[in-house]
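Residue-level structure breakdown
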Amino acid sequence: MAVESTADKTKPRQATIQLRDLPRPPIHSAVGFAAFWADPEFARKQFDVRGDRMVVDLPLLPTMLFTAVPEDAKAVFTQVDSGLRLGEALRRLAPHEMLFGREMIDWWNGANHAKLRKKVAPAFNGAALRGYEEAMVDAAKRRVDEWPVGEPVRFTRQMKTLARDVIMSVVFGVTEGDRRDRLEQALIDLDRAIASNGMRTRYVAAILSGGRWPRYTAMREISARIDAVTLEEIAFRRANPSPVQRKDCLAIFLELAEDDPENLLSDQMIAVFQRMLLIAGYETTAVTLAWVAERLVRHPEVMATLDQSLAAGADDYLDAVITETMRIRPALPVTMRYAEKDVDINGLRVPKGTIVMLYINAIQKREEFYPNPDEFDPDRFLGVRPDPHRWLPFGGGAHRCLAANFAMFESRVLLRTILTHRRLLPDAGAGERQDQHRNILLTPHRGATVTLAHR
Ligand code: HEM
């Protein structure tokens, strides 16, 4: 398989540039920043107008460097212990501390991060993935029958339910009975709490106070309910060993915990970690699948090629469709790192306290790497492995999405199953906008409205 090459245009820069030398977008207040943040295409255009690096420096907010330079991404991802911290950036600018708790932020920032990643890696790769396939297919088949046919549906909603089913059965390994009902209800409540005014107010307070998150009792109570289900499931499995090997992440974590001299995987840690996987994993996947449908209905020629290749039993074109969708409609517009000390990034001096924003939504739409960047063209990735610094929907380096292979596998299996049972009818209307209202995810602004038909 060919690999996109990193061309000379992106050679590391030699001269040391200071932040003060860089342009600033026309943002004059925190409210202006919120508007900039909420409109990823406006932000992207600012790079076209002002250059490929910009600084946002406002009272009450940390100084932010926005970059659309793939070599900057490379420098950030490849520096080992560079003093660039994901956890601290998330604490200051994203709701992760509220959602995952202090333990997870500390894990992201701390020494155990690499160790635990290595330890749990078997659950997200290779043979483990194949073991999850049946549960993924079953989940999709069950839900497909419930979806209305012949009338417009908001596909994002359907994909959220489906991705949640997958996380519950494949990650948590909770498939039936009271525990399953309680977990599902807790996840629905979690979704509501994330969208609530209570959350929004605390989010603003935390950002403006440099990352000090006010207490949110409702969120803690929901997290405790989710963790209780995991701990009960663990106790149940220990008391009732299964005659057949279970195929889910929890089973693998428990197996790994048996040989764990450093106690990385205590029961409590497994519970917190699974909650983190849930939150990190289900909406990102759902949004990606929704965008695939949104793009496909507007490109009947792509849909026709995809139908033919699936009918022939091939997945390579489907993979190219997913990869191209993640380029042109990334679930997350940006990934970030907090500079714990002064650092040099590709010739740029970044002072301590700056947040480096790798602007995925602009990097992946650079004309020189992706000709006609706004055109949806899966052929770009047919038989081509994407360059990791120009295609980075999963971030990169030490924090690259732990479950990137899992997410690609899941997307492939779910889409293949859905498209085997239903057709997506073409839609000649305008494409949906990338919308960033509720949280950091970029969702289709009309919820990926599509019409399904029977095969
Ligand atoms: C299409 C779906 C997904 C997308 C687009 C996505 C994207 C990302 C991104 C951008 C990051 C941050 C990487 C960085 O800053 O370098 C990340 C981290 C992470 N993701 Fe995903 N993700 C997806 C699915 C999942 C799933 C299904 C799971 C779990 C089952 C998951 C678990 C994680 C975890 C644990 C991290 C933190 C990794 C670390 O800091 O070591 N993600 N993801």
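Residues numbered from 1 in each chain as written. Predicted model: local features only at pLDDT ≥ 70, side-chain atom pairs only at ≥ 80, totals over all residues. Heavy atoms only, no water.

1. A look at the overall build of the protein
Tallying secondary structure elements over the protein gives 18 helices and 15 strands in all. Expected size for 455 residues packed as a compact globule is a radius of gyration near 23 Å; at 22 Å, the protein falls within 12% of this value. With respect to the principal axes defined by its C-alpha atoms, the protein has extents near 65 × 50 × 45 Å. Counting all 455 residues of the protein, 57% fall into the buried class. Across the protein, every contact between residues at least 6 apart in sequence was considered, and the portion connecting residues at least 24 apart equals 76%. (Helix = DSSP H or I, 4+ residues; strand = E, 2+ residues; numbered from the N terminus. Rg over C-alpha atoms; globule rule 2.2 N^0.38 Å. Buried < 20%, exposed > 50% of the residue type's maximum accessible area, 1.4 Å probe, protein only. Contact = heavy atoms within 4.5 Å.)

2. Thoughts on the sheet that holds strand 2 (residues 17-18)
The strand order 2-9-8 describes an open sheet built from three strands, whose pairing is mixed. Of all the strands in the sheet, the pair left with one neighbour each is strand 2 and strand 8 (343-345). Summarising the sheet, strand 8 and strand 9 (residues 348-350) pair through three bridges and their orientation is antiparallel. In the strand pairing of strand 9, D344 is matched with R349. (Pairing = 2+ DSSP bridges.)

3. Side note on the site of the ligand
In the region of the ligand, 27 residues are neighbours, and W108, H113, R117, T335 and C401 sit closest. Separating an oxygen atom of the ligand from a side-chain N or O atom of W108 is a distance of 2.6 Å. The separation between an oxygen atom of the ligand and a polar side-chain atom of T335 is 2.5 Å. Across the shell around the ligand, the residue classes tally to 15 nonpolar, nine polar and three charged. (Near = heavy atom within 4 Å. Polar contact = N/O pair within 3.5 Å; in protein donor to acceptor, adjacent residues only side chain to side chain. Nonpolar A, V, L, I, M, F, W, Y, C, P; charged D, E, K, R; others polar.)

4. Looking at the UniProt feature "binding site: heme" (unreviewed entry) in the protein
In this numbering, the UniProt entry assigns the feature "binding site: heme" (unreviewed entry) to C401. Note that C401 resides in the loop between strand 11 (384-385) and helix 18 (404-421). In this structure C401 comes out as partly exposed when scored by relative accessible area, which is 30%. (UniProt positions renumbered as here; feature names shortened; annotations may be inferred.)

5. Here's the deal with the pairing of strand 3 (residues 53-56)
Side chains R53 and V55 of strand 3 all project onto a buried face; the interleaved residues M54 and V56 project onto the opposite face, where all are buried too. Examined bridge by bridge, strand 3 and strand 4 (residues 64-67) share four bridges and lie antiparallel to one another. Each residue of the ladder has a partner; that of R53, found in strand 4, is T67.

6. Some remarks on empty space enclosed by the protein
Scanning all chains against the criterion turns up two cavities of 30 Å³ or more. Around the second largest cavity, the lining residues are F155, A293, L296, L415, I418, L419 and L424. Put simply, the parts of the chain that give the lining of the second largest cavity at least two residues each are helix 14 (267-297) and helix 18. At three residues, the largest contribution of residues to the lining of the second largest cavity is made by helix 18. Its residues assigned to classes, the lining of the second largest cavity comprises seven nonpolar, no polar and no charged. (1 Å grid on protein atoms, 1.4 Å probe; cavity = no way out; pocket = protein on both sides within 12 Å on 5 of 7 lines; lining within 4 Å. Points joined across faces, edges and corners; volume = space filled by probe spheres on them.)

7. Looking at a nonpolar patch on the surface
Side chains of L60, V204 and L208 sit close together on the surface and give an oily, nonpolar patch of about 270 Å² of accessible area. With respect to the secondary-structure elements, L60 resides in the loop between strand 3 and strand 4. Take L60: its relative accessible area is 60%, and that puts it in the exposed class. (Patch = residues over 30% accessible without salt bridge, like charges linked within 9 Å, V, L, I, M, F, W, Y side chains within 5 Å. Areas by Shrake-Rupley, 256 points an atom, 1.4 Å probe, with all protein chains shown as cover. Salt bridge = Lys/Arg side-chain N within 4 Å of Asp/Glu carboxyl O.)

8. Quick notes on helix 1 (residues 30-38)
Among the residues making up helix 1, those that are buried are F33, F36 and W37. Down the axis of helix 1, the buried side of the element spans an arc of 100 degrees, and every buried residue falls inside it. Buried positions along helix 1 lie against helix 2 (40-50), strand 3, strand 4 and strand 10 (355-358). (Arc of directions from axis to C-beta.)

9. Regarding the pattern of salt bridges
Counted by the stated rule, this structure contains 39 salt bridges. We note a salt bridge from R24 to D57, for which the minimum N-O separation is 3.9 Å. Separated by 33 residues along the polypeptide, R24 in the loop between strand 2 and helix 1 and D57 in the loop between strand 3 and strand 4 bring together distant segments of the chain. Looking at D57, the relative accessible area reads 42%, which means it is partly exposed. Between R85 and E340 there is a salt bridge, with the nearest N and O atoms lying 3.4 Å from each other. Of the two residues, R85 is situated in strand 5 (residues 84-85) and E340 in the loop between strand 7 (335-339) and strand 8; the sequence distance between them amounts to 255 residues. A relative accessible area of 39% means that E340 is categorised as partly exposed. Three or more residues are tied together by salt bridges with common partners; here these are R143, E146, D165, R180 and E184.

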